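Notes for the structure review
Residue strings, one per chain:
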Amino acid sequence: MLLDLPLDILDEIGDRMDLRDIKALRGACQDLCATLDPRFFGALALATHKLVCERDADVDALTALARGGTKWSRYTKTLRILSPWRLPPGAAEDAKRLAAKRALLVSALGALQNLRTVAWEANEYDPSWLVDAVCDSLLMFPALEDLDLNLENRGPLALAGISGLKIFKIQSTGYNSPPRGAQVAQIVAQSPGLRALHIVGDAGADGGDVWRMLAARGGGGSTSGLADVTADAVTGDLLAYLDTYVGAEVLRLVHADTGRLAESDRLADTFFAAVLPRHAPTLRVLECTADHDGRWSFGPHCADSLRQLHALTHLEVSVNAGDVAPPRSVVTLLLDTALQLPALQRLTISFSYPWTSGRVWYGNGLMRFETRANGAIRAAVESFRAHAHDAPSRAVVFAGGTHFALAPVEDGDGLHMYSYQRVVWGS
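All of the points below concern the structure found in this document. (Residues numbered from 1 in each chain as written. Predicted model: local features only at pLDDT ≥ 70, side-chain atom pairs only at ≥ 80, totals over all residues. Heavy atoms only, no water.)

1. Some remarks on the nonpolar core
Ranked by size, the top nonpolar core spans 105 residues in total, and within it Phe-168, Trp-211, Phe-271, Trp-296 and Ile-349 carry the most contacts. At seven residues, the largest contribution of residues to this core is made by helix α8 (residues 128-138). Among residues more than four places away in sequence, those in contact with Trp-296 are Val-234, Leu-253, Ala-256, Asp-257, Ser-264, Leu-267, Ala-268, Phe-271, Phe-272, Cys-288 and Ala-290. (Core = buried A, V, L, I, M, F, W, Y, C linked by side-chain atoms within 4.5 Å. Buried < 20%, exposed > 50% of the residue type's maximum accessible area, 1.4 Å probe, protein only. Helix = DSSP H or I, 4+ residues; strand = E, 2+ residues; numbered from the N terminus. Contact = heavy atoms within 4.5 Å.)

Written as structure tokens, this is what we have:
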């Protein structure tokens, strides 16, 4: 019987089942139901439009949760708060009723004392009482260690009291998003065990406080720095911090160029020559992409640094659009470099846009440029040849909207070679 299996095996089985299958299996017998309860009630999703509309069933569920003693309060470790783009309009309510709704939501969320992870989507349409309730609740979870905030056109939030995180992700975008750098820096300062930090959008526009604080906290060749960093505002402060320690495992520098060519190239040279080699022995994931042509994109200037990343499993880089055409396509150099990365499983190639010098790109002209750039990248991948005596890479290449994998071919001279063939991803 299933119940005769060790608990760790049952947990493994539960990990491979979706909620529908777990629900069906829980109905088989009481013992299986009790065994699978932690998995079934492990994650709770709350949709904000249901909280606002106050249907009887939703109010009853919140009330039961607020009283405690439910399986959700006992087992839930992950909470997702989801917000639709636009909430339905509601009737005007007096302050007393809004205070009651806020108190109920705070009590319900406060009952989830085993929470480890919270992912919250918030936008400008979420009412203030709901946002304030969630902010209050985030300060009440004693075991919270993973916080993921996705804020769209959302004003200031009272989050500075959060502490003790191991993973902190914040994405803040939109015309109504205020500077959040000081608040992010305070949360990071109160989380000495932080291992992963993702700062994207307006949240990183004034992120200098964060990186300077982290640099002051570490340094001296320490291995206690962040293992996982994602940022789309690459500055000298960020690179200076990354240069204070060794041992990063994931670096994602998205849209790394600053928008000023000379400054952007200077930062890129610093990263590839001084920063990246410090983390080469441990780095598993590297994403380094640019919006505009320059030295953040892959080229001969950074190939040697990438060849040292022997632990790398995932690599995503951009190439300058003007450098992809044959006969000396930079894509060929990139694929040669990838062959020298023994652990590589996936290589993603995108293109950057040329500096327009005032020219505006839009409409059909932009579409034609993108089509040509993607076509040139695909052609360069398909024309690549590797000798059979080279260790064939297992990496799947995603380039120009197409997946490729190395396969043996025979050229016209009877030599056994490898070339990239189109494949269906997941096959």
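2. A look at the packing of aromatic side chains
Tallying each qualifying case throughout the model produces nine aromatic pairs. Between the aromatic rings of Trp-211 and Tyr-241, the centroid separation amounts to 6.1 Å while the plane-to-plane angle is 25 degrees, which identifies the pairing as stacked. Residue Trp-211 is found in helix α10 (residues 208-217), and its partner Tyr-241 is found in helix α11 (residues 236-242); the two are separated by 30 residues along the sequence. An aromatic cluster of at least three residues, connected via ring pairs, comprises Trp-211, Tyr-241 and Tyr-245. (Phe/Tyr/Trp six-rings, centres within 6.5 Å; stacked < 30°, edge-to-face > 60°.)

3. Overview of the pairing of strand β8 (residues 250-253)
Sheet topology note: the strand β7 (residues 228-231)/β8 ladder contains four bridges and is parallel. When the sheet's bridge partners are listed, Asp-228 is paired in β8 with Val-250. Both β8 and strand β9 (residues 285-288) contribute to a ladder of four bridges, which runs parallel. The residue of β9 that forms the bridge with Leu-253 is Cys-288. The parallel pair β8 and β9 is bridged by helix α12 (residues 261-279), and the resulting crossover is right-handed. (Pairing = 2+ DSSP bridges. Right-handed = clockwise from strand over helix to strand, strands pointing away.)

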